[in-house]
Amino acid sequence: MRPEELGAALERVGYFADRDLVLSLFLALELEKPLLVEGDPGVGKTEVAKAVAAVLGYPLIRLQCYEGLDEGKALYEWNYQRQLLRIQLLRDRPEPAAAERDLFSEEFLLERPLLKAIRSPGKTVLLIDEVDKSDPEFESFLFEVLSDFQVSIPELGTVPARQIPVVILTSNNERELSEGLKRRCLYQHLEFPDPVREARIIAAKAPGAGEELAAQVAKAAAYLRTLDLRKKPSVAESLDWARALVALGHREVSPQAVEATLSTALKHRADQEQVAAAGGAGVIARRAGGER
Amino acid sequence: MNEEILARFGNDLRRAGVRVGTGELADAARALALVDLTDREAVFLTLRATLVKGAGSLEAFRLVFDRFFAPPETRRRRQEQERLREEERRRALQRSAEELTYREPHPETSYGPEEVRFQLTEEQLLAYAEMPAERRQALQDYIERSFMNLGTNPRIQRSVEGVVAGTINYWRRSGKGAGRGVVVEDPRESLLWRDIRTLSEEEFPRMAQLIRRFSARLGTALNRRYRPGRRRWRVDFKGTLRASLSTGGIPFRLRRLSRHGRRPKLLVLCDVSGSMVEYSGFVFQFLCGLAAAVKSLECYLFAEEVERVTPLLREGLSFAATLDRLTAASRQWGAGTDLRRALDLVERAEAAHFLAPDSLCLVVSDGKTVGRPAAIERLGEFARSVRRILWLNPLPREEWGGAAQFARYAALKECRNLAQLEGILRGELLPRHRAA
């Protein structure tokens, strides 16, 4: 698939990517390398993986990272209870060595997302979400999967990937990722979409908003992101905002409409105060072009 | 694209501070085979996706790319400009050296040397060239007067040279001479490397974001010890055996141990006296960042008295609002510094809670205080009640003077730009990350 075709296919599934991202995805697919997508919360990083899975028709396997995530949750775990039950059943069996071999067979293996992606008979999209939330030890643990597409299980040996999965990692940049991890990935930094692209996203995903309202919401969101806010409105929040406006029957971003619905875009009291200090609903409506 | 060209490009990136390995260059070569090499933007995006590994390197990459893959006429023009700039620099150096040379007016009757040349660095000579004409003339007059009246013996030469170098250095540091000598396009001249005094208000949000990111790491440091917990990092054999008693000795349920996050207790003392006013923007950004990231934080501003500002920082207002409230509420702004008294007052106010063996004390100050010897002794006593004192000094190390003596009881760190701050947070507060 050429980059232009990939871009068009992403649009068909409702993801409006700019040329940077399309080219990075194209390279990741062609070179069979993981793609690390970094950017502020809410710019649409996780959606990239979902859209790619939808375009390629591969199942999406998601590993959500958090502090303290270990291989038992990410890779595999032995079904300990089941092993114990088997021990009880085999108590009087004459050849204990065979029984032990039996206990560490695939039958007792609990697959977690990474192993599932590696052992899947068909291609998959593996999303390792918010990798910056995991611990540095876990990052090192990912190296083998990301560079060789295989995992080592001491009792079973090395399990190579049946089909190399499409791997997408996302990071909110809360902590610096290790050089080793970054070296194994292609890199893409995502910014908030420009108002034109965001308007297209809103028009596509918020039915009933119409092009005019979508453009106004996108402009208003772009304006809010220029302010020094604790939490800038994400694309999902602009969508919620547009949906809220539609639900309340507003056809444009007027000061009254902003007053009624701003809490869908700004979720911190300090941010709402800051917006009020910068001129409040009137300025937002003016920036959005909804007040003539 | 020719591999040799790619390797040279990689080399240029490394020189600009972007870490590029051979593996990445191999990826880039493979990737370039997939795109149209006549499409400049496609080449740019392809190289960026394969060679850049962090947002911090994007700008450096763009600059190096533009420079490396410039059209021939642009490159020729740039080379010509560089040649002219170099020529002008050499002329300025020569002119400055000439102007600062003292020539004996009557060599035939004098016993001393015919001319005296000073040992000045290139930076000093260039800074001199930038000084206004009347300042340069005043310096020349001073040299001439000194040697004519006092003679040119080596002792006098040394002292005149000291005054000349000192005057030029003062002028350079006062910020007036910052224009030339700085390569404008140097990618390292990014926000991270800029002197924190020169950051403008528009750059505060970006700086705040950086500080928030560094400070967020403070909360993620982990304890060495394992304790029972849900995160399941290690099997707790003792606990598992004990629990197995209830199932007739069969260890049916595994108990686990995990490492818990260390919540650092942080006591922050910020100097807001007159000499620190120009750093206040940085200091408050730093405080707001810390307050957002660290739960157990106690923060005091000090000059002649101390003021507890923790509740204000905890209100969760925006940075601008916090700054407004702080400046309006504080009476310490621009006062003199009395560190000994400040430590006394903090100890009295904060007797038990934050003065504990597991808390870290962070002092942000230039160390210019009245009664320094007494303050040093007092700091020594204070150091015994906390785990460690880390002192961030926004002045360049060579200007610390007597403040360097605080090193007896505190780890003194030069903190003039965000890159240094990051290094300190990484290396000093988070040893685990250093190992990683």
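The text that follows walks through the structure, step by step, so that each part is easy to find. The shown structure was predicted, so the numbers you read here are calculated from the model rather than taken from an experiment.

## Points about the overall build of chain A
Within chain A, the regular secondary structure consists of 15 helices and nine strands. A fraction of 75% describes how many contacts in chain A between residues 6 or more apart in sequence connect residues 24 or more apart. Split by element, the accessible area of chain A, about 12,700 Å² in all, is 50% carbon and sulfur.

## Some words on the sheet that holds strand β9 (residues 186-190) of chain A
Residues and elements named next belong to chain A. Spatially, β2-β5-β8-β1-β9 is the arrangement adopted by the five strands of the open sheet, whose pairing is parallel. Two strands in the sheet have a free side with no partner beyond their single neighbour: β2 (60-64) and β9. Each neighbouring strand pair of the sheet contributes to a mean axis angle of 20°, computed without reference to strand direction. Alignment of strand β1 (residues 35-39) against strand β8 (residues 166-171), held across four bridges, turns out to be parallel. Along β8, the bridge assignment pairs Glu38 with Ser171.

## A few points about the interface of chain A and chain B
With 42 residues of chain A at the interface, the matching set in chain B holds 45 residues. Taking both sides of the interface into account, the surface hidden between chain A and chain B amounts to around 3,900 Å²; carbon and sulfur atoms contribute 51%. The interface formed by chain A and chain B contains six salt bridges. For Glu77 of chain A, the salt bridge identified is with Arg256 of chain B, shortest N-O distance 3.3 Å. Where chain A touches chain B, the interface holds eleven residue pairs in polar contact (both at pLDDT 80 or more). Every element with two or more residues in the side of chain A that touches chain B is listed here: α2 (19-31), α5 (80-89), α8 (136-148), α9 (179-183), β9 and α14 (269-277) of chain A.

## Some remarks on the nonpolar core
Among the nonpolar cores identified, the biggest contains 87 residues, and Leu10 and Ile128 of chain A together with Leu47 of chain B are the most heavily contacted of them. Counting residues per element, this core draws most heavily on α2 of chain A, at eight residues. With 61 residues, the next largest nonpolar core counts Leu266, Leu269, Cys288 and Leu326 of chain B among its residues.

## Describing helix α1 (residues 3-15) of chain B
Residues and elements named next belong to chain B. Look at α1: 18 Å from first C-alpha to last across 13 residues, which is about the 18 Å you get at 1.5 Å a residue. Taken as a whole, α1 has its buried residues at Leu6, Phe9, Gly10 and Leu13. The buried residues of α1 occupy one face: seen down the axis, they fall within an arc of 100°. Residues of α1 that are exposed and angled more than 90 degrees away from the buried face: Glu4 and Arg15. Positive phi shows up at Gly17, right after α1, with a value of about 95°.

## As for unusual backbone geometry
Residues and elements named next belong to chain A. Despite not being glycine, Glu32 shows a phi value in the positive range, around 55°. Position of Glu32 among the secondary structure elements: in the loop between α2 and β1. A relative accessible area of 37% means that Glu32 is categorised as partly exposed. Backbone geometry places Glu130, a non-glycine residue, at a positive phi of 55°. For Glu130, the position within the fold is in the loop between β5 (125-129) and α8.

## A look at the sheet that holds strand β8 (residues 306-308) of chain B
Each strand in a sheet pairs with another by means of backbone hydrogen bonds, the pair being arranged parallel or else antiparallel. Residue and element names in this part refer to chain B. An order of β8-β7-β6-β9-β10-β11 is seen for the six strands of this open sheet, with the pairing classed as mixed. If you trace the sheet from one side to the other, it starts and ends with β8 and β11 (411-414), each paired once. Looking at each pair of strands side by side, their axes are set apart by 20° on average, direction ignored. Taken together, the four bridges between strand β10 (residues 388-393) and β11 define a ladder with parallel strand orientation.

## Looking at the packing of helix α11 (residues 210-226) of chain A against helix α15 (residues 280-288) of chain A
Residue and element names in this part refer to chain A. At a minimum axis distance of 8 Å, the contact between α11 and α15 shows a crossing angle of 125°. Classified by the angle their axes make, α11 and α15 are oblique. The hand of the α11/α15 crossing is right-handed. Contact residues: Gln216, Lys219, Ala220, Tyr223 and Leu224 in α11; Val283, Ile284, Arg287 and Ala288 in α15. Among the residues forming the contact of α11 with α15, the class breakdown is six nonpolar, one polar and two charged.

## Some thoughts on the packing of aromatic side chains
Each aromatic ring pair is characterised by the separation of its centres together with the angle its planes make. All told, the structure shown has 15 aromatic pairs over all chains when counted by the stated rule. Between Tyr76 of chain A and Trp78 of chain A, the aromatic rings sit 6.2 Å apart at their centres with planes inclined by 80°, giving edge-to-face as the arrangement. Trp78 of chain A carries the same exposure label as Tyr76 of chain A, and that label is buried. Measuring from centroid to centroid gives 5.8 Å for Phe9 of chain B and Phe61 of chain B, while their planes differ by 80°, and the two rings are edge-to-face. Of the two residues, Phe9 of chain B sits in helix α1 while Phe61 of chain B sits in helix α4 (residues 58-68), which places them 52 residues apart along the sequence. Per residue, the accessibility class of Phe9 of chain B equals that of Phe61 of chain B, and both read buried. One aromatic cluster in this structure is built from Phe9, Phe44, Phe61, Phe65, Phe68 and Phe69 of chain B. Above the plane of the ring of Phe108 of chain A lies Arg82 of chain A, whose end atom (NZ or CZ) is 5.6 Å from the centre.

## What about the state of the cysteines?
All told, the structure shown has zero disulfides over all chains when counted by the stated rule. In this model Cys270 of chain B remains outside any disulfide bridge; the closest cysteine sulfur is found in Cys299 of chain B, 5.1 Å from its own.

## Remarks on the pairing of strand β7 (residues 157-160) of chain A
Residues and elements named next belong to chain A. Direction of pairing for strand β6 (residues 150-153) relative to β7: antiparallel, over a ladder of four bridges. Paired with Ile153 across the two strands is Gly157, which belongs to β7. Hairpin geometry of β6 and β7 is characterised by an intervening segment of three residues between the two adjacent antiparallel strands.

## So, helix α15 (residues 372-384) of chain B
With 13 residues, α15 of chain B should cover 18 Å at 1.5 Å per step; its first-to-last C-alpha distance of 19 Å lies within 8% of that length. Ala375, Ile376, Arg378, Leu379, Gly380, Phe382 and Ala383 of chain B are the residues of α15 of chain B that are buried.

## What about the packing of α1 of chain B against α4 of chain B?
Residue and element names in this part refer to chain B. The interhelical angle for the contact between α1 and α4, taken along N-to-C directions, is 135°, at an axis separation of 10 Å. The orientation of α1 with respect to α4, classified from their angle, is oblique. As for how α1 packs across α4, the hand of that crossing is right-handed. Along its contact with α1, which presents Ile5, Arg8, Phe9, Asp12 and Leu13, the element α4 presents Phe61, Val64, Phe65 and Phe68. Of the residues assigned to the contact of α1 with α4, the class counts are seven nonpolar, no polar and two charged.

Cut-offs and rules
The numbering scheme is per chain: residues are counted from 1 as the chain's sequence reads. Following the order in which they are written, the chains are lettered starting with A and the ligands numbered starting with 1. Owing to the predicted nature of the model, reporting of local features is limited to residues with pLDDT of at least 70; listing and counting of side-chain atom pairs is limited to 80 or more, with chain, interface and lining totals taken over all residues. Where side-chain values are given, they derive from all heavy atoms of the structure, hydrogens and water being excluded. A run of H or I in DSSP counts as a helix once it spans at least four residues, and a run of E counts as a strand once it spans at least two, with each numbered from the N terminus. In this analysis, two residues are considered to be in contact whenever any of their non-hydrogen atoms come within 4.5 Å of each other. Here the open area of atoms and residues is found with the Shrake-Rupley method and a 1.4 Å probe, where only the protein chains shown may cover a residue. Two strands are said to pair when DSSP picks up at least two bridges between them. Throughout, an axis means a line fitted to C-alpha atoms (over the contacting stretch in the case of helices), and angles, computed between N-to-C directions, take values from 0 to 180 degrees. Note on definitions: buried area is the accessible-area loss of two parts on being combined, 1.4 Å probe, summed for both. Salt bridges are identified by distance alone: a Lys or Arg side-chain nitrogen within 4 Å of an Asp or Glu carboxyl oxygen. Any N or O atom pair separated by 3.5 Å or less is treated as a polar contact, with the protein-specific requirement of one donor-capable and one acceptor-capable atom, and with residues adjacent in sequence counted only for side-chain atom pairs. To define a nonpolar core, start from buried Ala, Val, Leu, Ile, Met, Phe, Trp, Tyr and Cys residues and group those joined through side-chain atoms within 4.5 Å. Note on classification: 1.4 Å probe, protein chains only; a residue is buried when its accessible area is under 20% of the maximum for its type, exposed when over 50%, partly exposed between these limits. What a helix should span is 1.5 Å times the count of its residues minus one. It is the directions from the helix axis to the C-beta atoms whose arc is reported. Here roughly perpendicular refers to angles of 65 to 115 degrees, roughly parallel to angles under 35, roughly antiparallel to angles over 145, and oblique to all remaining angles. Left-handed describes a crossing whose near helix is turned anticlockwise from the far helix by less than a right angle; the clockwise case is right-handed. Residues were grouped as follows: Ala, Val, Leu, Ile, Met, Phe, Trp, Tyr, Cys and Pro as nonpolar; Asp, Glu, Lys and Arg as charged; and all remaining residues, including Gly, as polar. The rule is short: rings of Phe, Tyr and Trp, with Trp giving its six-membered ring, pair when the centres are within 6.5 Å, and they are stacked under 30 degrees, edge-to-face over 60, tilted in between. Here, over-ring charges are defined by two tests on the NZ atom of lysine or the CZ atom of arginine: distance to the ring centre within 6 Å, and angle to the ring normal within 35 degrees. Only a pair of cysteine sulfur atoms within 2.5 Å counts as a disulfide in this structure description.

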